[in-house]
Structure formats: structure tokens, C-alpha cells
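This is what each chain is made of:
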Amino acid sequence: MRPLQLALTASLLLSLGAPAQGFRQPDSLGGRPSFESPDGQPLRQVRLVSWDAQGGSAQWKSFLGRAGGRWRSIWDRATRIPLRIYGTGLAAPGTTTWDLVGELHARAVLDAHLDLLAPGAVKEDFVLVSNHLSGGLRTVGFQQLHQGLPVLGGQVSFRFKQDRLVVLASEALPWVRAEKGPWIAPELASQKALAYLRSDFPVPTRTRGVTGPLVLPLVPEQGTRGRIGYSVVWVVDLQADSLPGRWDVYVEAATGRPVARRQTLRFASGQILYNVPSRWPGAEREDAPAAWTDATADGTWVTGDADGVVTFDGSGPAEVAVFASGPYAAVQNEAGADASATLSLEDGGSATWNVSQDEFADAQLTSFIHVNRAKAFVWAMGVELPWLSQRMQVTVNIDDTCNAYSDGQTINFFRASNWCENTGRLADVIYHEFGHSLHLYSMLPGAGAFDEALSEGLADTLAASITGDSGMGRGFFHTSEPLREIDPTGEEAFWPDDMGQDPHTTGLIISGALWDLRKALIEDLGEDEGVSHLLRIFYAIMQRASDIPSAYVEALAEDDDDGDLSNGTPNLCAIQRAFAAHGIAGNESMVGGLLLGSPTLEDRTVAVSVQDMGAACDQVSLESATLRWSIRDQAYSGSEEMLPADDSYSAELPEVAEGNVLKYQVELAFSDGSTRIFPRNPADPYYETFVGAVFPLYCTDFERDPELDGWTHGLSGGTPSEGADDWMWGPPRAGVASGDPPAAFSGERVLGNDLGGGSFNGLYQASKRNWAASPVIDASLADVVRVQFRRWLSVEDGYFDKATIYGNTVPLWQNTDSNQGEASAVHHQDHEWRFQDVDLTSAVDDFGRIQVKFELESDGGLQMGGWTLDDLCIVAWIPPRCGDGRVSTGEECDDGTQNSNTEPDACRTRCLLAHCGDGVVDTGEECDDGNAEDGDGCSSTCEAEEPVKPAPGCGCGAATQAPGPDPGPALGLLLVFLVALVRRRR
């Protein structure tokens, strides 16, 4: 590796340090974002992605045009850069054999598609940091720079197999912009960081090191549409001495201003579910071989082998002094002197060191045994990693409880309490913390990344793989129940619904997928081969994945055997089913290889995309697509078959009179008997669209503070002691796991209940009734007033919790109440931004004023995401009139006049085009007798015939018609504004 590569690798992976991963968050850090700005706003920890969602971009089309074949993609919602591209593959001769050829091919592809993989960068911004061949798969990784400085997290990598490029991966940051030097000294940066941290945690804190300068991307949490910021920073590693806390503080290199901090000591909590012997002190104990232990035999230093066998002078029994240390693990006791003992060892015999009744001594022996057991397990996987041969520092009996953590280089365990077991005596916890360190040292620079949730899931998977039990962490709370069950019956963790603030919870998504894959591979390949192949895939993910969504592609790349991912892999079906069950095998709208898009409406045409992605497993076909509709508050309804065109199916809604609200849904039926209905909300199973043009009286997209417009919010019937209402304005930060949207419908900001961020969890409060109300709007000139807006509403069945829309004080809409008593479970859960129209006319007061209020009344039970609102308009609807310049339902034309039929105007007062034979003499007609016959005095072409034979209704003279009704003064005032008239299509 080149010197620059070594420097980059060391600075970004080790000197910065990976987050120290643990089991339970202490009270001192409770509720704090793990990565936050100085004002407490959380920054992104979990990447939100879309599958195959950016197919229309020019850069993507350019790639497809040049690459050919079939390709799929995963896109980072925040950066709009493809996280992974995989498919048919590109011929890359020699890449499997020669390092240099692999690098040259990777550079050529990077240069050709830089605008897709790293918009705004130049090729000189990428330096080679890894070129690794393992199992026939070559990985070439590049670190992203900007003006010669590393961009934290920025990287692009490529996977070659069978001399073909099969995966392109990018965690690059787009359009990096950062200030130039000069920079303050590292010592001054350390002082600034200490002062900043101590203002929040006034405890003794010390600096462990300063790294940089480098470019720090500041990405808004949960991949919202907020702007990505950049800052050149020094990274100051701080550790608190009197409480378990460690942080990286990012200090602006030019000014010393703190811009962010990240907790690098991570904790979580869980449950125990299963009991397995030799896992915790309350279960069966074993006499385990003391592998690779240091000892003295009759005063001579010896080291045991993998079976704990030592060699000594055989003239008689040896006096052997034993310790909890050896060449691969050294245990340090924080509760006093390190444990030791002297045993008598016969030639060919054995001696047992048993300190089971001494918590502190037993923790030392247990940690030593299981760290070495973990190393032996990883060696048996075929992993060749120099770090494995180094001595690992293990600290036990730390003066705190219910915790354990890894800081990448050491693993650390806490004392017992009445509540929790000594974590140094728990095999699963030891394996888990070892797994974090293994992850850090296994990541391939420029390809993999230390994502917290991914690492938690992988650490759990390692522990479960060693024990053969999906119940992870038995004994943690002095019982056989597991701390986390990675294979719960009927409760699989699903992406992104089950993402949480706790990375252990999110990690259950990938650990669950890998455990399901383990079971499938065992069934397909047998016990030994199935487990062995699972561990190959597991370690490939540990090396190359940058987060949970990218793990799926890395599993396929490892499983592939011909360098073409578009034609499947040997175990594609098992991988597909296992990962799909957890939402990480492609879009959640995948059905048997078909990618379904949400329905769109343009004019009256409803279309839904159905793309065959060429999946080799569980392939189904679309049997039928049906569009159903009805008119709201009327009995009129119908359905129509949707017809295929390219990759979509479409049908038209009926033409109905203006002023109505059309409701519609799409049902897709598949060959496997399954169906998919859009929208996906049993409590509100129809989209709606308003028919007709509307005039805006008041509109807001919530991009500016709504209180400046006169919006108000508060508790109904509450007192200050009952707490404040939870209406918030800003970007949605809670994430889809709470039931909230991942981003605003337009722009960046919304109005809603508990939008998340900081200590907020995104869920509305229990046993509260709170509201948000618009300003009062003058609607005195409008005949019909409506409110139209986008909503993302998540609320319990209306039997329990009620979401209500009021016009002034009149309730006009409420969520569904299934009225099934305590069994009521038809919850209103939007899974997309929905357009909603509510007629306010009946609620307008005597002075023509209207105010819209959104209320949420909750009980003491289940809480969800509540209201989230965007793009709201209070509008007037003007009934169509002939001569208003709008071609309305029932009109053939409307030129904005009400000319009589004798004037030179082809559009008549009745807004019908001139038509011979309709009984009306139009411009250009000599007569019109109401028929198309000749010989009756008026020809079939409306020309007068001789002799003229008048007939009833002949109309051979000049026709007259009564003038149209007087539109009245109110309409006249509204017509002044018709230049601003907008047609709101939904």
C-alpha cells in the first residue's frame, strides 16, 4: 500500500476511532442524539435509501446507455447518489488476476461516471486505499478527498468477479465545498473541544488525541431534503473519567468553533429469552481448555496451546502458576489485583482452576476463555487478519453496572448488580463486543464503513453463530431470557419500519436476515456447508457493506459464481427470501420480481408502473390491474381495466361534473394469488381528487414559520401542569419507524405532531387533546370554500384516538372508528403523502370568515406519529359558467365571451361549437332546420334552397336567443382574479 494510502487508512479508521459499542445506555447519556450539532439537533446516523428510484436522471441514463444489460440500484435519499449499482456486469479482463489491472479498470469506470458516482468531484479527488482479492472477488476502494483533505465517510469502490465488474458502490459526498486554511493548532482545537464538552458534561475529561484536518459532511438526520453542509475540522477524541462517556468533537479548523460531536461510546438495553448452558453463571458450567494461556511451570514461563496443554519437566508433578492472560488476550482487573493461582499438574493429567464463587476472579477467567474462543472461531472461518494475532486488552469489573463496550481496540465489562449480571461472566456479551472490534479491523478501506446499526447486527450475528442460538445475551438480567431475540416468531424486524434511535434495535434487521439465511442454507446445503457458506457471506458484509441496505448487494456479490449478477447467483433464492423478509432485498413494493410504483394521476389518467426486474426467484406475473372509482357522497361508482403500455398500466377516470370529489384506488392481482391495493391504508383505502379549477384564498408550504402567518396551537382543556402540546414546525426527523414521513412533501419543512429530533421520539403524547389552527381567512366572496392539503397521518383506530378536522368549530372529518370495542384495530396509517379535500362551506360564519383546525385526541394506550401537514391551501371553487374562458364539463368550447349566435364567433352562448343540423343558425350558416336533409328549404349543409319551404323550427331567418343570466356582483369580483386561476390536479 502506498504511503498516502496508509496515512488515510490509519487516520480515518483507527485514529478517529470507531464508536465504542455497548449494551445499555447509561442515565448520563439518556435521550441524547449520538451525533449532534452544538444546538442539540441530531445529524444523520442511518442512511435512508430508495430502490431503483432515480431512473430518470440523465447521469443514470448515460450509465445504462454505455453499460448495456440489466442493472438495479439503491440510492441515498440525502445525496441522490447510487449507494450500490449491480447487475449484468461489465467485461474486465485480467482484473481477477492482477492488482494493477483491477485498479486501472476501476479508475476508468470512476472517470467515465464521476457525475453519477460523485457529482461535483474531479478524478484527482479519489486516492486508492484498498485493492483486495478474496474468494475470487476483487474489491478496489478509493477514498474521497477535497483540496487534498479526506472527506469523512466519502468513498467509491468496485467489485470484480470472474473478470467482470459486478458492483459499483458509492458513499461519496456531492458538491463538497469547504473553507481553506490557515488552521489553528491542534492544541488550541483540543482546548476549544474540552470547553465545549464540559459546558454540557461538567466532569473531569481528557483529550486522547487530535486528528485532521479533514472535511466533515453535516447531513441532516434521516436523509431529509435539507442541505448537506461541509466544514474543515480537527477531530478531538475526548474521554470522561468519572462516567462512561467518550466523544469525538469536531472543531472548525479555521476558527476553533465546535460544529458537531459524536458519542463514540454506544449503549443499549434488551431482554433475555433463552437458556443455554455455559453461557452465564446461572447455567451449566464447563471445564474449558485454557487455550493460549500464560503460566509458569516450576518457575519457567510456558504458554498453553489451543487445547490448554503446557510442556514442563516431567520428573514429577509441576507447580503451575496460572493467569488470565496470554499472547492473544490479556485480562485486567479493575477491582483489585489480577487473579492468579497455583495448581499441581501431573504428567498426562489435568488441573482445574475454579473460582466460580468469586465474581471478580470468575469474570477474569470467563473473559479470557471466551475471547480466545471467539478468535478461534474466526480463524476457523478462514479469516486472515493480522489483528487477530495481536494481544487484545480485556478490562473487567469496571465500577459500573449493566454495561459492556468495545472501543475498537479494547473490550470492557462491568460489575454485577441486583439488576444485571457481571458482563465479564457472559459469553454472549463477550462475543458481541469482540464482534465490534472484528468489524472495525475487517472493513476494507474505501469500500466498507462503520455504521453503528450494521455493526450491532453483525456483532449479534457473530455471537449467535458461535453459540448456535438466536437468543442473544442470556443471563444479562440474571435469567435465561435473551437480551435480544434475532429470530422472533412472527415479529421479524423490517426496514425501514423498525429503525429506532437505539442502533441495537435497528441492527436486528440485518441479524434477523442473516439468521433466516443461515436456516435456509442449512436446509439447502446441509448443516456444515450451510453454516460455512453463511459465515462467508457474513464476513463479506463485514468487509464491504457500508450500512444495512447495502448488505444485500454484498451478499449477492459474495455468492456469485460467474461475474454477472443479473442472471442470479447460486443461492439467490435463499438470499432474496431472507433479506426480503426484513425489507432489505429491494423496494418494499417488490412482488415476485416485479417492482411496483405508487399510482400517479395526470389530468384524468391514473397510471401505475410495473417493472419486471428479471428476478430469478418467486417470479410471478401480473394477471390484472383494475381502477375503481366513486364520487364522494354519491352512489355513482364504477371500475375499468387498466391497459399495459411499456412498463406501466393505465386507465382514465370518468368525466364528471366540476365540483365533485372523485375517489379512486388501484388493485393489482398476481399469478400467485396475491393482490396489492393502492393506497395501502385500510382506514382510508381511496385516493381522492377534486374536479374543477379553484382560486387560492390562502396557501402555505410551511417553509416559513407558520406562526408568522397567524397559525396557533395548544392543548384543549389542558393546564400547564399537564404538559405542552406537541405540535412542531420543521423537517420531519423521527423517521418512518414512528409513522412519520421520511421527508417533507415539498421543500424541507412541515407542521405536525412531534416531528422528532433531540429527545423527541416522533410519537404524539398519551391522554392529551391538542390542536393547530390556521389564521382566520376572509371567504366572503366565495360561494364554495374548501381546504386542500397533503397529509401523512398515523393514528390509532378512532375508537381510541381521534384525528379531527374542523371548519371554525364545526367537525368536518375524522379518522375511521371501527367500533369493535377493545378489539378495534383499523388504525389510520398513511404510507405516503396523501392529498385530502374538505368542503368548508357549511362552516363559514355569518361574516364570511373561516378557520381550519387540526386536532388530535389520544387515550393512554398506543401512540403513533399523528398529523404531519404540508402544502395547504384554503380555496374558493367557482362553479363553471359559459363565457368564463374555461372549458368545463358539458361544454365543447369556451372562448371567454357570451356572444349571440349571429355574431362572428364560432363558440355560441351555450358554449357549443357551430354545428349544422342542431336547429340554431350559427355564424356561416344561412339556415338550420334541425335536420340534415335536402329538399326541405334548408340543405344538409345549412344553405337556403329555392323555393324556400318554411317548416316549424326552420330558423331560416335570423335566430335570437335570450341573453345569459347575470353573473352577479360576487362573481364579477371573483372574475377580476381569473388571471391567477389555478387548476389543482391531484
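In case you missed it, the structure is sitting above this.
Just so it is clear, the model here is predicted, and its values are computed rather than measured.

To continue, consider the overall build of the protein chain. From N to C terminus, the protein chain includes 13 helices and 49 strands. Residues counted as buried form 56% of the 986 residues belonging to the protein chain. A separation threshold of at least 6 residues defines the contact pool for the protein chain, and within that pool the share at least 24 residues apart is 66%. Carbon and sulfur atoms provide 50% of the accessible area of the protein chain, an area that totals close to 39300 Å².

With that settled, the discussion passes to the side chain of Asn-753. Looking at the secondary structure, you find Asn-753 in strand β38 (residues 750-753). Engagement of the side chain of Asn-753 in a polar contact is seen with the side chain of Asp-726, the distance being 2.9 Å. Non-local contacts of Asn-753, meaning those with residues more than four positions away in its chain, are made with Asp-726, Trp-727, Asp-740, Gly-762, Tyr-764, Asn-770, Leu-856, Gly-865, Gly-866 and Trp-867.

Grouped together as the largest cluster of nonpolar side chains are 88 residues, with contacts concentrated most on Ile-541 and Phe-579. Ignoring sequence-local partners within four residues, the contact set of Ile-541 consists of Leu-454, Leu-458, Leu-514, Ala-551, Glu-554, Ala-555 and Phe-579. Listed in part, the 31 residues of the second largest apolar core include Phe-695, Ala-803, Val-852 and Leu-856.

Here we come to the pattern of salt bridges. Within this structure, the stated rule accounts for 36 salt bridges. Note that Glu-103 is salt-bridged to Arg-107, the shortest N-O span being 3.1 Å. With Glu-103 and Arg-107 both in helix α3 (residues 99-112), this residue pair falls four residues apart, about one helical turn. Of the residues examined, Arg-107 reaches a relative accessible area of 24% and is grouped as partly exposed. Salt-bridge contacts for Arg-415 lead to Asp-399; the nearest nitrogen and oxygen are separated by 3.8 Å. Of this pair, Arg-415 sits in strand β21 (residues 410-415) while Asp-399 sits in strand β19 (residues 392-401); the two residues are 16 residues apart in sequence, bridging distant segments of the chain. Residue Asp-399 is classed as exposed on the basis of its relative accessible area, which comes to 64%.

Turning our attention to the pairing of strand β16 (residues 318-323). The pairing of strand β14 (residues 294-297) with β16 spans three bridges and is antiparallel. Bridging from a neighbouring strand, Ala-295 pairs with Val-322 of β16. Judged from the six bridges that link them, β16 and strand β18 (residues 340-345) form a sheet pairing that is antiparallel. Paired with Ala-318 across the strands is Leu-345, a residue of β18.

Further remarks concern the sheet that holds β16. With antiparallel pairing, the four strands of this open sheet are ordered in space as β15-β14-β16-β18. Each edge of the open sheet carries a strand with a single partner, namely β15 (300-303) and β18. Pairwise comparison of adjacent strand axes, ignoring direction, gives a mean angle of 30 degrees for this sheet.

Inspection of every chain in the model, using the stated rule, returns 24 aromatic pairs. Ring geometry for Tyr-664 against Tyr-687: centres 5.4 Å apart, planes inclined by 35 degrees, an arrangement best described as tilted. In this pair, Tyr-664 is assigned in strand β32 (residues 661-670) and Tyr-687 in strand β34 (residues 687-690), connecting sequence segments 23 residues apart. Residue Tyr-664 shares its accessibility class with Tyr-687, and that shared class is buried. Ring centres 5.2 Å apart and planes at 85 degrees place the aromatic pair Phe-789 and Phe-854 in the edge-to-face group. You can see Phe-789 sitting in strand β41 (residues 784-791) and its partner Phe-854 sitting in strand β48 (residues 852-857), a full 65 residues away along the chain. Each member of the pair, Phe-789 as well as Phe-854, is classed as buried. Through pairs of rings, three or more aromatic residues link up here, namely Trp-60, Phe-63, Trp-71 and Trp-75. One residue, Lys-375, lies across the ring of Trp-387, its end atom 5.9 Å from the ring centre.

This paragraph deals with the environment of Phe-800. Take Phe-800: it is sitting in the loop between β42 (794-795) and β43 (802-807). Between the C-alpha atom of Phe-800 and that of Leu-862, which follows or precedes it by 62 residues, the distance is 8.8 Å. Not counting the four nearest positions on each side in its chain, Phe-800 is found in contact with Gly-821, Glu-822, Ser-824, Glu-857 and Asp-859.

Next up on the list: helix α6 (residues 359-380). Compared with the 32 Å implied by 1.5 Å per residue over 22 residues, the 31 Å span of α6 between its first and last C-alpha is a close match. Where α6 starts, the residue carrying a side-chain oxygen 3.2 Å from the main-chain nitrogen of Phe-360 turns out to be Asp-358.

Let us now look at unusual backbone geometry. Comment: phi is negative for the bulk of residues other than glycine, and the bulk of peptide bonds are trans. Of note, the amide linkage connecting Gly-181 to Pro-182 takes the cis form, showing an omega dihedral of 10 degrees. The topology assignment puts Pro-182 in the loop between β9 (164-170) and α5 (186-198). In the segment running from Gly-212 into Pro-213, the intervening peptide bond is cis, with an omega of -5 degrees. Relative to the helices and strands, Pro-213 is located in strand β10 (residues 205-218). The backbone of Trp-175 sits at a positive phi, close to 50 degrees, despite the residue not being glycine. With respect to the secondary-structure elements, Trp-175 resides in the loop between β9 and α5.

On to the side chain of Thr-296. Structurally, Thr-296 can be placed in strand β14. Those residues in contact with Thr-296 that lie beyond four places of it in its chain are Trp-301, Glu-319, Val-320, Ala-321 and Phe-323.

The next thing to look at is the sheet that holds β48. Across the sheet, which stays open at both edges, the five strands sit in the order β36-β39-β48-β43-β44 with antiparallel pairing between neighbours. In the strand order of this sheet, the two ends are held by β36 (712-715) and β44 (810-814), each with one partner. Averaged over neighbouring strand pairs, the angle between their axes works out to 20 degrees when direction is ignored. Where β43 lies against β44, four bridges are found, and the strand directions are antiparallel. Residue Gly-807 lies in a different strand from β44, and its bridge partner there is Val-810.

The rules we used
Residues numbered from 1 in each chain as written. Predicted model: local features only at pLDDT ≥ 70, side-chain atom pairs only at ≥ 80, totals over all residues. Heavy atoms only, no water. Helix = DSSP H or I, 4+ residues; strand = E, 2+ residues; numbered from the N terminus. Buried < 20%, exposed > 50% of the residue type's maximum accessible area, 1.4 Å probe, protein only. Contact = heavy atoms within 4.5 Å. Areas by Shrake-Rupley, 256 points an atom, 1.4 Å probe, with all protein chains shown as cover. Polar contact = N/O pair within 3.5 Å; in protein donor to acceptor, adjacent residues only side chain to side chain. Core = buried A, V, L, I, M, F, W, Y, C linked by side-chain atoms within 4.5 Å. Salt bridge = Lys/Arg side-chain N within 4 Å of Asp/Glu carboxyl O. Pairing = 2+ DSSP bridges. Axes fitted to C-alpha atoms, helices over the stretch in contact; angles between N-to-C directions. Phe/Tyr/Trp six-rings, centres within 6.5 Å; stacked < 30°, edge-to-face > 60°. Lys NZ or Arg CZ within 6 Å of the ring centre and 35° of its normal. Expected span 1.5 Å × (residues − 1).

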